[in-house]
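One letter stands for each residue in the lines below.
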Amino acid sequence: MKKLISILTLIICIFCFPACKQGGENLSVYAPDGAPALALSYAMETVDGVDFNVVGAEVIKAKVTGESPVADVAIVPINVASLYLGSGDVYQALGVVTHGNFYFLSEGEETLTRENLSGAIGKTIGVVQLPNIPGLALKVALSELGISYKELINGETADSDKVNLLAIKPTEIGQLSCEYYLAPSPVADGKARDLGLNFFGSLHSLYEGNSFPQAMLVAKKSVISDNFGKVKSIVNALSYSGEFLKIENKTKIFSLINGNLENGLTPTYNQNNFTEKAIERANINFVSSPNCKSKVIEFLQRVKTVNFSAVNVFEEKFFYTGAF
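No experiment lies behind these values; they were computed from the predicted model shown.

Each value, and the rule that gives it
Just so you know, the residues in each chain are numbered from 1, in the order the chain's sequence is written. Selection of residues for local features in this predicted model requires a pLDDT of at least 70, selection of side-chain atom pairs for listing and counting requires 80 or more, and totals for whole chains, interfaces and linings are taken over all residues. To obtain the side-chain values, all non-hydrogen atoms of the structure were included, while hydrogens and water were left out. Secondary structure elements follow DSSP: runs of H or I of four or more residues count as helices, runs of E of two or more count as strands, with numbering from the N terminus. We call two residues in contact when some of their heavy atoms are within 4.5 Å. Points on a 1 Å grid, built from protein atoms alone, make a cavity when a 1.4 Å probe fits but cannot get out and make a pocket when they are open with protein on both sides within 12 Å along at least 5 of 7 lines; residues with an atom within 4 Å of a point are the lining residues. Grid points are joined across faces, edges and corners, and a volume is the space filled by probe spheres set on the points. When residues are grouped by polarity, Ala, Val, Leu, Ile, Met, Phe, Trp, Tyr, Cys and Pro land in nonpolar, Asp, Glu, Lys and Arg in charged, and all others, Gly among them, in polar. The working definition used for a salt bridge is a side-chain nitrogen of Lys or Arg within 4 Å of a carboxyl oxygen of Asp or Glu. Here the term buried applies to any residue with accessible area under 20% of the maximum for its type, exposed to any over 50%, and partly exposed to those in between, with areas from a 1.4 Å probe on protein chains only. The aromatic pairing rule takes the rings of Phe, Tyr and Trp, using the six-membered ring of Trp, and pairs them if the centres are within 6.5 Å, calling planes under 30 degrees apart stacked, those over 60 edge-to-face and the rest tilted. In predicted models, pLDDT denotes the confidence assigned by the predictor to each residue on a 0 to 100 scale. For our purposes a nonpolar core is just a set of buried Ala, Val, Leu, Ile, Met, Phe, Trp, Tyr and Cys residues, chained together by side-chain atoms within 4.5 Å.

(A) Highlighting the environment of L136. Position of L136 among the secondary structure elements: in helix α6 (residues 133-144). When the C-alpha atoms of L136 and K304 are compared, they prove to be 9.1 Å apart, with 168 residues separating the residues in sequence. Those residues in contact with L136 that lie beyond four places of it in its chain are L130, P131, V303, V306, N307 and A310.

(B) Summary view of the layout of surface pockets. By volume, the largest pocket is sized at about 1,100 Å³. Every residue lining the largest pocket is counted, 47 residues in all, and those nearest its centre are D33, A57, Q129, P184 and T268. Residues belonging to the lining of the largest pocket are distributed by class as follows: 27 nonpolar, 15 polar and five charged. Roughly 360 Å³ of volume is contained in the second largest pocket. Along its surface, the second largest pocket is lined by 13 residues, and G242, L245, K246, I279 and E280 are the ones closest to its centre. Here the lining of the second largest pocket is composed, by residue class, of four nonpolar, three polar and six charged.

(C) Region of the structure containing the pattern of salt bridges. Scanning all chains against the criterion turns up 13 salt bridges. One salt bridge connects E276 with K250, and the closest N-O pair in it is separated by 3.6 Å. Here E276, found in helix α12 (residues 276-281), pairs with K250, found in helix α11 (residues 250-258); they are 26 residues apart in sequence, far enough to count as distant. Residue classification places E276 among the exposed residues on the basis of a relative accessible area of 59%.

(D) Expanded view of the packing of aromatic side chains. Under the definition given, this model contains 12 aromatic pairs. Aromatic pair F228 and F324: ring centres 5.3 Å apart, planes at 5°, arrangement stacked. Linking F228 in helix α9 (residues 228-239) with F324 in the segment after α13 (289-304), this pair joins segments that are 96 residues apart in sequence. Judged by its relative accessible area of 29%, F228 is partly exposed.

(E) Spotlight on the confidence of the model for the protein chain. Of all residues in the protein chain, 93% attain a pLDDT of 70 or more, and the chain-wide mean is 91. In this model residues 7-23 is a low-confidence stretch, pLDDT under 50, and it forms 27 contacts with partners more than four residues away in sequence or in other chains.

(F) Region of the structure containing the nonpolar core. Among the nonpolar cores identified, the biggest contains 63 residues, and V76, I125, L138, M216, V296, F314 and F318 are the most heavily contacted of them. Here this core gets seven residues from one element, more than from any other, and that element is α6. Residues contacting F314, with those up to four places away along its chain left out, are I78, A81, S82, G86, M216, V296, L300 and F319. The next biggest cluster of nonpolar side chains, apart from the first, holds 44 residues, and it includes M44, A237, I257 and Y269.

Below, the structure written as structure tokens:
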């Protein structure tokens, strides 16, 4: 019965929020591969007049910066948005798309939670993207719980009275002397399967509400005003992407993402790791700017307490507050 209701809901969404057939050139939408691209799969299926581009995480910043940024609409990490777009002069935030998709892996038996994170004292956590939002979010959680931490740089040895953080690449998971690894799904899913590691908690579970704002949907102010219908279609598609991912054939979703993948880019999701659990672990849930604004500002202020220059606090005008 639940599946039937979901299917009917999806059909209603398709007819209630048709893609806008406005004139003019196609809009260019960019998103890094992984959870952000997964979130756009329903839009890829239903929204016309849009060119979707799935790119590497390391190049998404270049698509929204410079004198003439190529992205009309993009999903970007919250720290990138705050540092380069937060003035609201060119882009505005439409909402938060993902809320934490990093997970702890270990051979041990202790799950890391808010209640027992102190159990990691004296141990080493290998962190993928330590300088970016995942690493910053972990530092915030440790700091707010009164737990000291140390970054291991240039071969430094671990301290017995601190949680030791080591910046690693995904390929190094399981190859280093770390009691825990922190990595994004589905990379974590694949490593757990191939190396016999177990999931021992999530980064977002260390936060009240079981989430933190990780990636945001932004659009050029000129595009919002001149192509409102298309932008609305993208927003509405994102709002229903969670339902779409639950009921759509996985081969179809996989095909949609790969069909918009940047040439030469190895897709994050593949036939081996694209499971229902991996989709769930992507933690996709679109929350519009009016509803996420306060949480976003609060989170950035908390990040600044552990690294003042890592983020900026957004200007008020950065948040689009109109209705869709």
